[in-house]
Amino acid sequence: MSNQTMPPPAATVVLVHGLWMHGIVFARHRYWFEAAGYRVETFSYPSMRQGLADSARALARFVAALKGAPIHLVGHSQGGLVILAMLAQVRDPRIGRVGLMGTPLAGSHCARVLQGIPVLNHIMGKVLAEWMAAPASVPADLEVGMLAGTLSLGTGVLFPGLGRPNDGIVSVAETRVEGLHDHIKMRVGHSGMLLSESCHLALRGFLETGRFLRRDRGAD
């Protein structure tokens, strides 16, 4: 992969995973970021049993312990909710830009379906339900960008009513809220975002310039 631009030598990226995941799922993004000159940290948390406020506080402590500046934040799916909850609680002055991938900021059809099935509602954990009950806003003074998928590959296709286009779990409409600095749609599934070099390049473009790198201007 060619490096089109290089970040400042001290720039750090913190990667925050989603539901049922662990920081290891960012292995490819970590490799690509490090190859581009970034320092990379992955934040892992108990995504099912820990609530939103506690996860946000844990992330704040994690960020506070890091050295250097700036510190960019990247969240996949539920990880983006944890990031925004943290920013609503406390703001480290070294925070740069925030890149989100497939994060259901405007609610989740799949989660609402699961909430209505007693035998299954426990598998969605606490974070998403708490966010849906009291969603935080996107900080007006930070550049927050969203990458949304349009390839319907995921368990969400089993739940009738999921809006289109979607990434198989989260619809594009669920990723759009006021305050986003940039928004891009890419033909990738929800989990595929974690493996896609094209997604990485688009995301890295946002962290470096405040705008997603768009190789195909017709993508959004």
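On a predicted model such as this, the values are computed, not experimentally measured, just so you know.

**Q** Explain the pairing of strand β6 (residues 182-186) here, please?
**A** Every other side chain in a regular strand lies on the same face of the sheet, so the side chains alternate between the two faces. Within β6, four of the five residues are buried, leaving the element largely enclosed by the surrounding structure. With five bridges joining them, strand β5 (residues 144-149) and β6 adopt parallel strand pairing. Looking across to β6, one finds that M146 is bridged to H183.

**Q** Got a minute to help me understand the packing of helix α1 (residues 27-35) against helix α6 (residues 197-209) in this structure?
**A** The description of two helices packed together rests on the angle between their axes and the distance between the axes. Put simply, α1 and α6 touch, their axes get as near as 11 Å, and they point 50° apart. The orientation of α1 with respect to α6, classified from their angle, is oblique. The hand of the α1/α6 crossing is right-handed. Along its contact with α1, which presents H29, W32 and F33, the element α6 presents E197, C199, H200, L203, R204 and L207. Across the contact of α1 with α6, the residue classes tally to five nonpolar, two polar and two charged.

**Q** Sorry, what's going on with the environment of M86 here?
**A** Note on placement: M86 falls in helix α3 (residues 78-89). The exposure class of M86 is buried, given its relative accessible area of 2%. Not counting the four nearest positions on each side in its chain, M86 is found in contact with A56, L59, A60, V63 and L73.

**Q** Can you walk me through the nonpolar core in this structure?
**A** Generally speaking, a soluble globular protein has its nonpolar side chains buried in company with each other. Core analysis: the largest hydrophobic core is formed by 33 residues, its most contacted members being L59, L73, L87, V98 and L105. Of all the secondary structure elements, the ones that give two or more residues to this core are β1 (12-16), α2 (52-64), β3 (71-76), α3, β4 (95-101), α5 (127-133) and β5. Here this core takes seven residues from α3, the largest share from any one element. In this structure, L105 is in contact with L81, L84, L100, W131, V138, M146, E174, T175, V177 and L180, ignoring residues within four places of it in sequence. Among the nonpolar cores identified, the runner-up in size contains 22 residues, and F26, I184, V188 and L194 belong to it.

**Q** Explain α1 here, please?
**A** Along an α-helix, residues three or four positions apart point the same way, because every turn accommodates 3.6 residues. Within α1 the residues assigned to the buried category are H29, W32 and F33. Down the axis of α1, the buried set is contained in an arc of 100°. They therefore lie on one face. Those residues of α1 that are buried are in contact with β1, β2 (39-43), β4 and α6. Directly beyond the C-terminal end of α1, a positive phi value near 105° is found at G37.

**Q** Whenever I open this one, the sheet that holds β6 confuses me. Can you help?
**A** For sheets, the rule is that strands pair by backbone hydrogen bonds, running either parallel or antiparallel. Spatial strand order, β2-β1-β3-β4-β5-β6: six strands in an open sheet with parallel pairing. On the outer flanks of this sheet lie β2 and β6, each paired with one strand and no other. Averaged over neighbouring strand pairs, the angle between their axes works out to 20° when direction is ignored. Pairing analysis gives five bridges linking β1 to β3, with the strands arranged parallel. Following the sheet pairing, T12 is matched in β3 by I71.

**Q** Help me understand the pattern of salt bridges in this model?
**A** Pairs can form between side chains of opposite charge whenever their charged atoms are close. Under the counting rule described, the total for this entry stands at seven salt bridges. As a salt-bridge pair, D92 and R94 come within 2.9 Å of each other at their nearest N and O atoms. The residue E208 makes a salt bridge to R204 at a minimum N-O spacing of 3.3 Å. Separated by four residues within a single helix, E208 and R204 lie in helix α6, roughly one turn from each other.

**Q** Help me understand the side chain of H17 in this model?
**A** With respect to the helices, strands and loops of the structure, H17 is situated in the loop between β1 and α1. Sequence-distant contacts of H17, that is, excluding residues within four places in its chain, are made with H22, G23, V25, F26, F43, S44, Y45, S47, H76, Q78 and G79.

Quick notes on the rules
- Residues numbered from 1 in each chain as written.
- Predicted model: local features only at pLDDT ≥ 70, side-chain atom pairs only at ≥ 80, totals over all residues.
- Heavy atoms only, no water.
- Buried < 20%, exposed > 50% of the residue type's maximum accessible area, 1.4 Å probe, protein only.
- Helix = DSSP H or I, 4+ residues; strand = E, 2+ residues; numbered from the N terminus.
- Pairing = 2+ DSSP bridges.
- Axes fitted to C-alpha atoms, helices over the stretch in contact; angles between N-to-C directions.
- Parallel < 35°, antiparallel > 145°, perpendicular 65-115°, else oblique.
- Left-handed = near helix turned anticlockwise from the far one by under 90°.
- Contact = heavy atoms within 4.5 Å.
- Nonpolar A, V, L, I, M, F, W, Y, C, P; charged D, E, K, R; others polar.
- Core = buried A, V, L, I, M, F, W, Y, C linked by side-chain atoms within 4.5 Å.
- Arc of directions from axis to C-beta.
- Salt bridge = Lys/Arg side-chain N within 4 Å of Asp/Glu carboxyl O.

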